[in-house]
Amino acid sequence: MEKEKFYPVRRYIELQKKAISDSESFWGKEAEEIPWFKRWDKVLVWKEPFAQWFVGGTLNASYACVDVHLHSWRKNKIALYWEDERGNTKSFSYTQLHREVNRFASVLKNLGVKKGDIVVLYSPMIPELVISMLATARIGAIHTVIFSGFSSQSLADRINDTGAKVLITADFGVRRGKLVALKEIADDALNSTPTVKKVVLVRRTREEVKMKEGRDCLYHELMKDAENYVEPEVVESTHPLYILYTSGTTGKPKGIVHSTGGYLVYNYATYKWVFDISDESIYWCTADVGWVTGHSSIVYAPLLHGATIIMYEGVPDYPDPGKWWEIIERYGVTIFYTSPTAVRMFIRYGEEWIKKHDLSSLKILGSVGESINPEVWKWYYKHIGGERCPIVDTWWQTETGGIMISPAPGIELVPLKPGSATLPLPGIDAEVVGDSGEPMTPGVKGYLVIRKPWPGMTNGIYKDPDRYKEVYWSRFKGMYYTGDYAIKDDEGYFWLLGRADEVLKVAGHRLGTAEIESAVIATPFVAEAAVVGIPDPIKGENIVVFAILKEGHKPTDKLKKEIIGTLRKQIGPIATPKEIHFVTKLPKTRSGKIMRRVLKAIVQDVAVGDVTTLEDEASVEEIKAGYEEFKQMLKGKPKRKKVGKKQSRSNNN
Ligand code: PRX
């Protein structure tokens, strides 16, 4: 019986290995499935660590996602359903989407945007965001979407890194029934972004906003004079499609560049394998378009396949925790893709919200952004999937451009193991290695690496090839270092164990400890700071700050509030810490490096381990004692009520 059960694994692994051993012809075959203007001459030109895929081929992403469907039955089917918290809806057929994309492409052209220019988008989850991305791609420009929860400072830093001339934004976002003043935040950022000459403003509400003469234009006004058709720019396969910023181990975010051909081929193939997607799928990914999941799973992959996408603007539990299930029922969603953080939140709300809705249209459930705990997996399988839908736990990164390790029911459904992302997709040569790059024995923890290039892989960090080499390709010779810990079990299944570097995952959002620390130090009263993650029952991980105050400052709640305010202003609400502790010493090595590992052990209440490199062991004792006191104090406090209305920002990944 067991043998039979695992037969699909052997069959899948055989297929997997075959794809790796002959990867160029394998990927060449996959590439034939998307529309090209000119076929490539060479599948791969590999000069480690830079890959060029489908060299000599030309195409256009907006043509491949939209125009191509106009010659088929999909012409008048719905491409995009949009809904907000209040239940307002909009829908666009492929023909209508084509018209909007073309008209906005014409607007961008009239504003002087050309092939290779970067256009920055800072927008809520509204259809104009998808339209703007596709319009940018149509004219061969490069989009950079900045998550609308980021602060003005984060927005300005990213705009300045790109040197963009055009920013597309909206007057307000709507979240939990409240308005988020995006234009005001953007205006604040624009005070320090000299390259931006034009701002296109989408009117999401009827509220008044300030407009700057000569710089700010209204989207709907510009659209009035637009043309209905703009010839799609013929771009090389290697031409960048977008840059997306993500956090790393230093304070400076990395502009991850993705090229057109490789990215589209990879996403077309993987969505077919992982989600068994087709032009009849109603696909709902709950991520924000501001993250890579939104780029691939809301925009490019489903549209390439001619599927129908759902775009929801709002939080999962507003106006009530039944909202998402209502959406699934209303639109007949067949594929649902969300984060473990969101599922954990719904577990707290209880099943009654789900039972009110008919979720029988669902066929496949997905999970992304962080590991899904086995008990959460089981709940998701039972209560959302009705014990009939496989869960695809998809491991990937902004840098990988698409899903790398996941069950692939579109090829062969291997037996699922709750908590494991199962096996690498065909053509993906993933391995778990030890410190010197040797493969680990099954069951032993090591670092997750990828040993062969794949079409979705990034082209590097914008304007910083050295950093790209250093971060991803210097740790292990000839291998892409993911920064994640993993274990491979004796059936070859991968179990992801979180980040091995100084990166946190808060509700699936990626935040660098260095990024948070530099914001804390920016307050006038903090001398030094160290940030670590603490496990959180809903968000997976949460932020804990240790700070040393400058001479003359006393620890007070007011200072804590100021730190929180600074973090929200410099990074955004996602960086709000759970705990702030004022200390007089931080554990450091003799060379002065903060040993976050020690702090992490203290907050997680596990053994501190080897401290022989510590400069001053007393620092550990002091922090331990202080932390113990804090925990006792918490115990003394009355327990918080059941999770209620005020959930913090979750599930945007
Ligand atoms: O640590 C891994 C975690 O998310 C990181 C990548 O974050 P980001 O670039 O923001 O992209 C997230 C969405 C694709 C990884 O290094 N991660 C992502 N998916 C999983 C995961 N950890 C465990 N299981 C997953 N399925």
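For the structure, see preceding data.
Cut-offs used in this document
Residues numbered from 1 in each chain as written. Predicted model: local features only at pLDDT ≥ 70, side-chain atom pairs only at ≥ 80, totals over all residues. Heavy atoms only, no water. Salt bridge = Lys/Arg side-chain N within 4 Å of Asp/Glu carboxyl O. Helix = DSSP H or I, 4+ residues; strand = E, 2+ residues; numbered from the N terminus. Buried < 20%, exposed > 50% of the residue type's maximum accessible area, 1.4 Å probe, protein only. Near = heavy atom within 4 Å. Polar contact = N/O pair within 3.5 Å; in protein donor to acceptor, adjacent residues only side chain to side chain. Areas by Shrake-Rupley, 256 points an atom, 1.4 Å probe, with all protein chains shown as cover. Nonpolar A, V, L, I, M, F, W, Y, C, P; charged D, E, K, R; others polar. Pairing = 2+ DSSP bridges. Axes fitted to C-alpha atoms, helices over the stretch in contact; angles between N-to-C directions. Contact = heavy atoms within 4.5 Å. 1 Å grid on protein atoms, 1.4 Å probe; cavity = no way out; pocket = protein on both sides within 12 Å on 5 of 7 lines; lining within 4 Å. Points joined across faces, edges and corners; volume = space filled by probe spheres on them. Parallel < 35°, antiparallel > 145°, perpendicular 65-115°, else oblique. Core = buried A, V, L, I, M, F, W, Y, C linked by side-chain atoms within 4.5 Å. Expected span 1.5 Å × (residues − 1). Arc of directions from axis to C-beta. Phe/Tyr/Trp six-rings, centres within 6.5 Å; stacked < 30°, edge-to-face > 60°. Lys NZ or Arg CZ within 6 Å of the ring centre and 35° of its normal.

Right, let's talk about the pattern of salt bridges for a bit. Tallied over the full model, the rule gives 42 salt bridges. We note a salt bridge from Glu32 to Arg39, for which the minimum N-O separation is 3.2 Å. One salt bridge connects Asp161 with Lys252, and the closest N-O pair in it is separated by 3.3 Å. Of this pair, Asp161 sits in helix H7 (residues 152-162) while Lys252 sits in the loop between strand S14 (240-246) and strand S15 (254-259), and the two are 91 residues apart along the sequence. On the accessibility criterion, Asp161 (14% relative accessible area) is buried.

Turning next to the site of the ligand. Taken together, 18 residues lie around the ligand, and Asp393, Thr394, Thr398, Arg499 and Arg510 are the ones closest in. Measuring from a nitrogen atom of the ligand, one finds a backbone N or O atom of Thr394 at 2.8 Å. Between an oxygen atom of the ligand and a side-chain N or O atom of Thr398, the distance comes to 2.6 Å. Its free accessible area being 540 Å², the ligand has 98% of it covered by the protein chains. Looking at the shell around the ligand residue by residue, the classes come out as five nonpolar, seven polar and six charged.

All right, on to the sheet that holds strand S30 (residues 579-583) then. Taking strand neighbours across the sheet as the criterion, the three strands line up as S28-S29-S30 in an open arrangement whose pairing is mixed. Two strands in the sheet have a free side with no partner beyond their single neighbour: strand S28 (526-536) and S30. Taken pair by pair, the neighbouring strands of this sheet meet at an average axis angle of 25°, ignoring direction. Here strand S29 (residues 540-549) pairs with S30 via five bridges, running parallel. The partner of Val544 across the bridge, within S30, is Glu579. The sheet strands contacting helix H18 (residues 557-570) are S28, S29 and S30, and the helix crosses S30 at an angle near 125°.

Another aspect to go through is empty space enclosed by the protein. Applying the stated criterion across every chain yields a total of five cavities of 30 Å³ or more. As a volume, the largest cavity reaches approximately 50 Å³. Here the second largest cavity is characterised by a volume of approximately 40 Å³. Val145, Ile146, Phe147, Phe150, Arg158, Leu244, Tyr245, Gly290 and Trp291 are the residues that line the second largest cavity. The residue inventory of the lining of the second largest cavity, partitioned by class, reads seven nonpolar, one polar and one charged.

Let us look at the packing of helix H10 (residues 260-275) against helix H11 (residues 292-304). At a closest axis distance of 9 Å, the pairing of H10 and H11 adopts a crossing angle of 85°. With respect to H11, the element H10 is oriented roughly perpendicular. Contact residues: H10 offers Tyr263, Leu264, Asn267, Tyr268 and Tyr271, while H11 offers His295, Ser296, Ser297, Tyr300, Ala301 and Leu304. Counted by class, the contact of H10 with H11 contains seven nonpolar, four polar and no charged residues.

Okay, the nonpolar core next. Judged by nonpolar contacts, the single largest core of 114 residues is most densely connected at Phe104, Leu134, Phe275 and Tyr300. The element best represented in this core is H10, accounting for 10 residues. The contacts of Tyr300, once residues within four sequence positions are left out, are Ala61, Cys65, Met133, Leu134, Ala137, His143, Leu241, Tyr242, Tyr263, Leu264 and His295. Leu155, Leu182, Val257 and Leu549 belong to the second largest nonpolar core, which has 43 residues in total.

Turning next to helix H2 (residues 7-21). With 15 residues, H2 extends 21 Å from end C-alpha to end C-alpha; this agrees with the ideal 21 Å at 1.5 Å per step. Within the span of H2, buried status applies to Pro8, Val9, Tyr12, Gln16, Ala19 and Ile20. Viewed along the axis of H2, the buried residues span an arc of 105°, placing them on a single side of the element. Exposed positions of H2 whose direction lies more than 90 degrees from the buried face are Glu14, Lys17, Lys18 and Ser21.

A word on the packing of aromatic side chains. In the structure shown here, the tally under the stated rule is 41 aromatic pairs. Between Trp325 and Phe346, the ring centres sit 4.8 Å apart and the planes meet at 65°, which makes this aromatic pair edge-to-face. Separated by 21 residues along the polypeptide, Trp325 in helix H12 (residues 323-331) and Phe346 in helix H13 (residues 340-349) bring together distant segments of the chain. According to the relative accessible area criterion, Phe346 is buried, its value standing at 3%. Judged by centre distance (5.7 Å) and plane angle (75°), the rings of Phe476 and Tyr481 are edge-to-face. Taken individually, Phe476 and Tyr481 each receive the classification buried, so the pair is uniform in this respect. By the ring-pair criterion, three or more aromatic residues cluster together here, those being Trp46, Phe50, Trp454, Tyr468, Tyr472, Trp473 and Tyr480. When the ring centre of Trp40 is taken as reference, the NZ or CZ atom of Arg39 above it lies at 4.4 Å. The lysine or arginine in question, Lys417, covers the ring of Tyr493, its NZ or CZ lying 4.0 Å from the ring centre.

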